[in-house]
Amino acid sequence: MTAATAGTITPLHDPGLVVRTRWAVRDTLTITRRNLLVWTRVPAYIVFTVIQPVLFVLMFRYVFGGAINVNVKGGYVNFLMPGIIAQTAAFATFGTAIALAQELKKGVIDRLKSMPMARSAVLAGRLVADTGRMTVTILIVVAVGYAVGFRFENGAIPAILMVVLAIVFGVAICVISAFTGLAIGDEESVQAFGLIWLFPLTFLSSAFVPVQSMPGWLQAFANNQPVTFVVDTMRALALGGPIEANLWKSIAWLAGIFIVFTPLAVRAYKRAA
């Protein structure tokens, strides 16, 4: 391809992969900053997203904890906190689906698509910003857990790995939420749908009670779903115990979620109008 400039023919070269990647990263960071600025201007939203997991910690610790017997060093609070942290990571993704549905309905996504920027930046920037918000929320929940008696019993490095696994798990659920938010496109419907599948997935797992205490038909489900594998891995990292089997199952589930729902989210974003 050529272009005439001042009476001469000048070749126009497409930017290379490195340049396009640099532009995409820059645009993604710009959209991330935009999303973070929106949250700082609505402090009530940040407060409410933190209050919910803190309330779960306090309720399960002091209301239900005395009635649930577990064979774990440190008692029920140590059993509880990995489950609460995983649930916090999953529930934090409500914001992703709702925000995308809102922006789709208001035409914000259409306007962003029309701008001279990487088209991937809108979706990627939302996921990066939500990951940052989720990470801050998880760290606050860990601090609250420490205040009510939770302790890491397996050293600093496994504790860090537990938090990292929770974040990766949250990002995987974020991708599902991004798809549902763009596919459904209505804020109230997205919120209702999120409750329908997230609540059973987190509560019908090993997050809050031992699976052995459930009826047999529920154990079959609880023992073979991703939240249980992730929570059991997090619990082993935090408290000690066998890790490998549940870790590989967690990785397989998370990889499967990314493989299936990332293309679906991208396709829903491209079709969004």
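Residues numbered from 1 in each chain as written. Predicted model: local features only at pLDDT ≥ 70, side-chain atom pairs only at ≥ 80, totals over all residues. Heavy atoms only, no water.

Caption draft 1: The arrangement of the packing of helix α4 (residues 94-106) against helix α8 (residues 187-203) in detail. Where α4 meets α8, the axes come as close as 9 Å, and the angle between the chain directions of the two elements is 160°. As the angle between them shows, α4 and α8 are arranged roughly antiparallel. As for the relative orientation of α4 and α8, their crossing is right-handed in sense. Two secondary-structure elements touch here, α4 through Phe94, Ala97, Ile98, Ala101 and Gln102 and α8 through Glu187, Val190, Gln191, Gly194, Leu195 and Leu198. Broken down by class, the residue content of the contact of α4 with α8 amounts to 7 nonpolar, 3 polar and 1 charged. (Axes fitted to C-alpha atoms, helices over the stretch in contact; angles between N-to-C directions. Helix = DSSP H or I, 4+ residues; strand = E, 2+ residues; numbered from the N terminus. Parallel < 35°, antiparallel > 145°, perpendicular 65-115°, else oblique. Left-handed = near helix turned anticlockwise from the far one by under 90°. Contact = heavy atoms within 4.5 Å. Nonpolar A, V, L, I, M, F, W, Y, C, P; charged D, E, K, R; others polar.)

Caption draft 2: Quick look at a nonpolar patch on the surface. On the surface, a cluster of nonpolar side chains totalling about 860 Å² of accessible area is made up of Val47, Phe48, Ile51, Leu55, Leu58, Met59, Tyr62, Val63 and Phe64. Of note, Phe48 is situated in helix α2 (residues 43-64). For Phe48, a relative accessible area of 57% puts it in the exposed group. (Patch = residues over 30% accessible without salt bridge, like charges linked within 9 Å, V, L, I, M, F, W, Y side chains within 5 Å. Areas by Shrake-Rupley, 256 points an atom, 1.4 Å probe, with all protein chains shown as cover. Salt bridge = Lys/Arg side-chain N within 4 Å of Asp/Glu carboxyl O. Buried < 20%, exposed > 50% of the residue type's maximum accessible area, 1.4 Å probe, protein only.)

Caption draft 3: Geometry of the packing of aromatic side chains. All told, the structure shown has 14 aromatic pairs when counted by the stated rule. Each ring, one from Phe60 and one from Phe64, has its centre 5.2 Å from the other, and the planes form 55°; the classification is tilted. Of this pair, Phe60 and Phe64 both sit in helix α2, separated by 4 residues, roughly a single helical turn. Judged by its relative accessible area of 10%, Phe60 is buried. A residue is classified by how much of its surface remains accessible, and Phe64, at 40% relative accessible area, is partly exposed. Look at Tyr76 and Phe79: their rings are 6.1 Å apart centre to centre, the planes differ by 25°, and that puts the pair in the stacked class. Highlighted residues: Tyr76 and Phe79, both in helix α3 (residues 76-91), separated by 3 residues, approximately one helical turn. Relative accessible area serves as the criterion here: at 8%, Tyr76 is assigned to the buried category. Ring pairs connect the aromatic residues Phe56, Phe60, Phe64, Phe91, Phe199, Phe203 and Phe208, which therefore count as one cluster. (Phe/Tyr/Trp six-rings, centres within 6.5 Å; stacked < 30°, edge-to-face > 60°.)

Just distances and angles here, no functional claims.
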